[in-house]
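Below, each chain spelled out in residue letters.
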Amino acid sequence: MDFRYRDDQLAVRDAVRAFVRERIVPRAAEWSERGEFPLPLLPELASVGLTGLTVPTDLEGAGLDALTTALVAEELGAGDGSIALTLAAHNSLCIGHLLTAASAEQKARWLPPLARGDRLGAWALTEPGSGSDAVAAKTTARRDGDAWVLNGTKQFITNGAIAGFTVVIAATADRRLTAFGVGADNPGFRAGKREQKMGLHASDTSQLILSDCRVTDADRIGEIGAGFGDVRKVLDRGRIGIGALAIGLGRAAVETATAYAKERKQFGKALAEFEMIQWKLAQSRTELDAGRLLIHRAASLADRGLPFTRAASEGKLYATEAASRAANASLQVLGGYGYLRDYPVERIVRDVRLMEIGEGTSEIQRIVIARDLVAAT
Ligand SMILES: Cc1cc2nc3c(=O)[nH]c(=O)nc-3n(C[C@H](O)[C@H](O)[C@H](O)COP(=O)(O)OP(=O)(O)OC[C@H]3O[C@@H](n4cnc5c(N)ncnc54)[C@H](O)[C@@H]3O)c2cc1C
């Protein structure tokens with residue numbers, strides 16, 4: 001087993017870390033207060049390759065492997081959960097689905113503008129009535145000559161109201177899903193209610209409404225009725241990204257708490273000298289390191305073309321729950337100040353909670369892991 005990263009992987013990580021520290025961290029609190037994704041940031045994100053992480057270089061992307069993409073996701077998470085989630089939906093879900101199932105013609109048509117950041121991507125699977133049981137989607141796609149007509153409502157779609165292009169997953173028969181690429185300028189496509197959330201305030205989460213939304217058969221992604229298989233592949237990779245993002249959030253919280261514990265004095269001593277404070281910091285750091293290793297193992301399996309479904313679920317389950325624990329412990333280290341908006345920790349506690357829910361809840365990860373275990377025993 002080799003625990004070293006390649007020099008090019010470390011170079012990408014360090015470049016993103018520097019960009020995040022300079023361009024994202026100082027503005028994260030303001031964006032969160034304003035409560036919307038800062039669209040002027042998009043060209044900046046694109047200029048450093050963050051809008052085309054996994055897109056091949058001949059289609060204007062950065063062509064990164066899964067492990068390097070996980071290193072990037074952690075750095076983004078350490079800077080701002082909202083920006084990181086916006087890019088996760090764009091890169092892992094929308095672009096991820098195209099890389100998984102689109103034809104060469106579709107990739108050439110859709111990927112370069114997404115990679116350039118000319119338009120943001122979204123991925124619409126969840127519906128008001130179907131979340132964990134995604135295959136029960138009720139949005140329909142009906143064939144009409146060379147066209148398809150989509151009708152239904154999608155729920156909780158990251159970038160829903162701000163994306164220029166969305167991969168919409170619809171039912172072409174009962175429990176048979178098919179994906180379609182839909183432009184935001186399609187007259188049958190519109191954003192509905194914008195959700196007010198506990199955290200991730202600078203990430204757009206909207207309903208999408210499809211009413212007689214017509215696309216052509218050239219906009220169908222993958223085989224008719226085989227969409228759920230593609231969705232699972234997309235989510236396997238997406239879970240690596242969400243786990244890495246969560247580790248970044250947890251790391252930022254622990255770094256803040258550690259710096260605070262060195263400065264803050266009570267009973268004539270720095271907090272960092274109290275054993276109970278040291279325990280919190282040490283436990284959090286250890287659990288985050290363990291989560292990162294699980295996530296990087298899944299990414300490494302993916303990069304070597306080996307099965308990684310269970311590894312991705314184990315990584316996502318452990319990393320997201322560890323990151324939540326670390327964020328909460330960090331808030332406790334700051335005492336009353338941890339509860340104030342003066343420090344980023346309260347925002348991280350709110351932001352990180354989503355990671356145990358999105359792209360498959362912790363319960364669903366346990367189901368995936370247990371099924372694999374039972375099948376293999
Ligand atoms: C901020 C945010 C952003 C999101 N972004 C996107 C996006 O971009 N695209 C998209 O398609 N979706 C998105 N989602 C949706 C997200 O993936 C779903 O919320 C998630 O999959 C859970 O579905 P649900 O909310 O309907 O919960 P439900 O499926 O109703 O689950 C409710 C509870 O029951 C548990 N449960 C369900 N089934 C079982 C079972 N078989 N055994 C045990 N427990 C079970 C769940 O774990 C959960 O605790 C987003 C959600 C949020 C909140």
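Residues numbered from 1 in each chain as written. Predicted model: local features only at pLDDT ≥ 70, side-chain atom pairs only at ≥ 80, totals over all residues. Heavy atoms only, no water.

1. Comments concerning the site of the ligand
Near the ligand, the surroundings consist of 16 residues, among which T126, S132, F156, T158 and T361 are the closest. Contacts to the ligand include T158, whose side-chain N or O atom sits 2.8 Å from a nitrogen atom. T361 is positioned such that a nitrogen or oxygen atom in its side chain is 2.6 Å from an oxygen atom of the ligand. For the ligand, whose unbound accessible area comes to 980 Å², protein coverage reaches 64%. Looking at the shell around the ligand, the elements with two or more residues in it are strand 3 (147-158) and helix 11 (362-376). (Near = heavy atom within 4 Å. Polar contact = N/O pair within 3.5 Å; in protein donor to acceptor, adjacent residues only side chain to side chain. Areas by Shrake-Rupley, 256 points an atom, 1.4 Å probe, with all protein chains shown as cover. Helix = DSSP H or I, 4+ residues; strand = E, 2+ residues; numbered from the N terminus.)

2. Notes on the pairing of strand 7 (residues 205-216)
As paired elements, strand 3 and strand 7 share nine bridges and run antiparallel to each other. When the bridges of strand 7 are listed, A147 appears paired with T216. Examined bridge by bridge, strand 6 (residues 189-194) and strand 7 share four bridges and lie antiparallel to one another. Pairing of R190 across the sheet is with I209, part of strand 7. (Pairing = 2+ DSSP bridges.)

3. Concerning the nonpolar core
By size, the foremost hydrophobic cluster in this structure holds 64 residues, and its most contacted members are I24, L45, L50, L76, I83, I240 and M355. Looking at which element gives the most residues to this core, the answer is helix 7 (residues 227-263), with 13 residues. Residues within four places of L50 in sequence aside, it is in contact with V16, F19, L45, V72, L76, L87 and N91. Counting residues in hydrophobic clusters, the runner-up holds 28 residues, among them I95, A101, W110 and I169. (Core = buried A, V, L, I, M, F, W, Y, C linked by side-chain atoms within 4.5 Å. Buried < 20%, exposed > 50% of the residue type's maximum accessible area, 1.4 Å probe, protein only. Contact = heavy atoms within 4.5 Å.)

4. A closer look at the pattern of salt bridges
With the rule as written, the count across this model stands at 34 salt bridges. The closest approach of N and O atoms between E356 and R353, which form a salt bridge, is 3.8 Å. Its relative accessible area of 14% is what places E356 among the buried residues. When its relative accessible area of 37% is taken as the criterion, R353 is described as partly exposed. By sharing partners, the salt bridges in this structure join R17, E74, E75, R251, E255, R285, D289 and R292 into a single network. (Salt bridge = Lys/Arg side-chain N within 4 Å of Asp/Glu carboxyl O.)

5. Considering helix 5 (residues 81-101)
The terminal C-alpha atoms of helix 5, which comprises 21 residues, lie 28 Å apart, in line with the 30 Å expected from a rise of 1.5 Å per residue. In the structure, helix 5 departs most strongly from a straight axis at I95, where the bend amounts to approximately 30 degrees. Where burial is concerned, most of helix 5 is hidden: 19 out of the 21 residues are buried. Residue D80 occupies the N-cap position of helix 5, its side-chain oxygen lying 3.0 Å from the main-chain nitrogen of S82. (Expected span 1.5 Å × (residues − 1). Bend = angle between axes of the 7 residues up to and from the residue.)

6. A closer look at the packing of aromatic side chains
As enumerated under the stated definition, the model contains five aromatic pairs in all. Ring centres 5.4 Å apart and planes at 55 degrees place the aromatic pair W148 and F180 in the tilted group. With W148 in strand 3 and F180 in strand 5 (residues 176-183), the pair connects residues that are 32 residues apart, well separated along the chain. Taking the relative accessible area as the measure of exposure, W148 reaches 4% and is therefore buried. Residue classification places F180 among the buried residues on the basis of a relative accessible area of 0%. Lying across the ring of Y318, R325 places its NZ or CZ 5.9 Å from the centre. (Phe/Tyr/Trp six-rings, centres within 6.5 Å; stacked < 30°, edge-to-face > 60°. Lys NZ or Arg CZ within 6 Å of the ring centre and 35° of its normal.)

7. Remarks on a nonpolar patch on the surface
Residues M1, F3 and L293 make up a contiguous nonpolar surface patch of roughly 430 Å² in combined accessible area. Summarising the element assignment, L293 is placed in helix 8 (residues 275-303). On the accessibility criterion, L293 (48% relative accessible area) is partly exposed. (Patch = residues over 30% accessible without salt bridge, like charges linked within 9 Å, V, L, I, M, F, W, Y side chains within 5 Å.)

Read these as layout, nothing more, since geometry by itself doesn't imply function.
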